[in-house]
Amino acid sequence: FSNEIQVTVREIVQCILTKMDSDLQPDIRKEPSNEIRRQYLSSEKARRMLHWEPLFNLDEGLQRTIHWYKDYFDERKS
């Protein structure tokens, strides 16, 4: 399921790097060929049949995911 917004991989990567206060730079090689130019998930059927709605927007979902990973790896270090 998705919140049905179109976001590029580059936009998601930049958002994650910003949230993590990282100075890493993506290595964009432009090597793929015959890729689908634009694609996104549709949750229309889930909304209609299950009355489903997303609990989080992309920004909050990424923030929660980053927080979970930080906690997980901190626990593993202990």
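Calculation notes
- Residues numbered from 1 in each chain as written.
- Predicted model: local features only at pLDDT ≥ 70, side-chain atom pairs only at ≥ 80, totals over all residues.
- Heavy atoms only, no water.
- Phe/Tyr/Trp six-rings, centres within 6.5 Å; stacked < 30°, edge-to-face > 60°.
- Helix = DSSP H or I, 4+ residues; strand = E, 2+ residues; numbered from the N terminus.
- Buried < 20%, exposed > 50% of the residue type's maximum accessible area, 1.4 Å probe, protein only.

**Q** I tried to follow the packing of aromatic side chains on my own but got confused; where do I start?
**A** Geometrically, a pair of aromatic rings is defined through the distance of the ring centres and the angle of the planes. On inspection of all chains with the given rule, the structure shows four aromatic pairs. Aromatic side chains Tyr-69 and Phe-73 sit 6.2 Å apart centroid to centroid with 20° between the ring planes, which places their arrangement in the stacked category. Of this pair, Tyr-69 and Phe-73 both sit in helix α3 (residues 58–77), separated by four residues, roughly a single helical turn. With 5.1 Å between their ring centres and 80° between their planes, Tyr-72 and Phe-73 make a pair best called edge-to-face. Among the aromatic residues, those joined into a ring-pair cluster are Trp-68, Tyr-69, Tyr-72 and Phe-73.

**Q** Help me out: how do you make sense of unusual backbone geometry in this one?
**A** Across the chain, the bulk of peptide bonds are trans and the bulk of non-glycine residues have phi less than zero. Non-glycine residue Glu-4 carries a positive phi angle of around 65°. Relative to the helices and strands, Glu-4 resides in the segment before α1 (9–19). A relative accessible area of 28% places Glu-4 in the partly exposed class.

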